[in-house]
Amino acid sequence: MSKILSFSDLVGKFHRVLDGMPDYRIGRNKSYSIKDAALGAFSVFFTQSPSFLAHQRTMKQNKGHSNAGSLFGIEQILCDNQIRNLLDPIEPHCLSPIFEQIFNDLEATGELDSFRCFGGNLHVAFDGVHYFSSKNIHCSNCSHRTASNGVTTYFHSAITPVIVASGNERVIALEPEFIVPQDGHDKQDCEQAAAKRWINKHAEQYASTGVTISGDDLYYKQPFCELVLDEDLNFLLVCKPESHKTLYEEIESLQASDSLSSLSIHCSTKKRLEVYTYRYANKVPLRAGEDALLVNWCEVTVTEGTDGKVLYYNTFATNHQITDQTVHPIVRDGRAHWKIENENNNVLKNRGYHLEHNFGHGKKHLSSFLLTLNLLAFLFHVVLGLVDEKYLLLRKTLSARQTFFNDIRALLRYICFESWEHLLDFMIEGLELTVPP
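Things to note about the pairing of strand S10 (residues 261-268)
Here is step 1: Judged from the eight bridges that link them, S10 and strand S11 (residues 273-285) form a sheet pairing that is antiparallel. Within the sheet, the bridge partner assigned to Ser261 lies in S11 and is Tyr280.
Here is step 2: Between S10 and the antiparallel strand that follows it, S11, lie four residues.

Observations concerning the pairing of strand S3 (residues 143-146)
Here is step 1: Both S3 and strand S4 (residues 152-159) contribute to a ladder of four bridges, which runs antiparallel. Residue pairing for S4: Thr146 is matched across the bridge by Thr152.
Here is step 2: Hairpin geometry of S3 and S4 is characterised by an intervening segment of five residues between the two adjacent antiparallel strands and by a positive phi of about 90° at Gly150.

Some thoughts on the sheet that holds S10
Here is step 1: Strand order across the open sheet formed by nine strands is S6-S5-S1-S8-S9-S13-S12-S11-S10, with mixed pairing between neighbours. Bordering the open sheet on either side are strand S6 (172-173) and S10, each of which pairs with just one other strand.
Here is step 2: Where strand S8 (residues 211-215) meets strand S9 (residues 234-238), four bridges bridge the pair, whose relative direction is parallel. Each residue of the ladder has a partner; that of Gly215, found in S9, is Leu237.
Here is step 3: Contacts from helix H10 (residues 327-335) reach strand S1 (122-125), S9, S10, S11, strand S12 (294-304) and strand S13 (310-318), with the element oriented near 95° to S11.

Cut-off values and rules
Residues numbered from 1 in each chain as written. Predicted model: local features only at pLDDT ≥ 70, side-chain atom pairs only at ≥ 80, totals over all residues. Heavy atoms only, no water. Pairing = 2+ DSSP bridges. Helix = DSSP H or I, 4+ residues; strand = E, 2+ residues; numbered from the N terminus. Contact = heavy atoms within 4.5 Å. Axes fitted to C-alpha atoms, helices over the stretch in contact; angles between N-to-C directions.

Following this line, the structure appears as structure tokens:
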């Protein structure tokens, strides 16, 4: 485990990014800092305690110091309305540097090695997520839909890319891209357009490490695939028959002429014998027309070895060359895409981060800025699980996530700790645990 990425290191990097935050206030009334506002909101998400700042304000009044200061470096503890007002004008992309720095540090220290997939690539899964919906509250950055009865619903959504790997229970959050109205466009923004913007903004940062982009059938369009390839990235996307008539006509033609490659692999699991049946073809047209991009296609059917019951079926398209040797690991990576829903979206919605809760909507960027801080809090916890032996020991001992955070909340309410390390040591001693040498 890395000794470079401690909690204090992460907070220090965050402080340096926040030092560069824009301040759009005019006049002389700047007694509260943008940094303290951002750190205050982040501390609520990190501790998963809506009352954290109120408790720390009381602690500072009674004891002269607080965990908000010792753990997060907050100089002035602002109230919720002050935080919302200060953060509303700031665009969330101002936080992108901290995501980039953490990624670079994980790469430099070898912590990303366990996330490497086929071809040594990092598998970056794309998916859209809704995080706000209301029929009354809205802002200039809301998307909207109007039902047949004339009722309009306003909502916010974003692309939340994460690094996933088969067999790895963790995911690494990357900077989000928000689905918001775009200047000069009459049509509403959409998931595909947001994904393209993310690639245009961040491909240079990640391409040199080797990246394969995965997504569902929504992304499997020629302009998106061409953009991915132009930016020196790879793609591995779900490819449904009903969405790609020309491609599947070619597959049927290859099957009829006995030119479609096939392979079966028997795999024994703890529960049963499974049979993986693959069909694949290289250089088939993605769409009709002479300018059609040639892609590599594969199909997998997983059946139970005893009775032939179908356990899983899917089809994928990629630019990776498919052979008898590569089809199994390529499909394994394609199947790992579901982790963005299970290990990321589900955790953020239902495991303490309350992704869909309205922490504050604002008039400009508050909703998206707070979501970014929430994603960053999630990233901090994942990183600590990779690099902090004491944190990992406590998470394994207090295996229920709710138990772990309940203990954190209670301790931080009543005891002021000198540092994050002091808090972990206190918990380890109380549980009579032994830290591995």
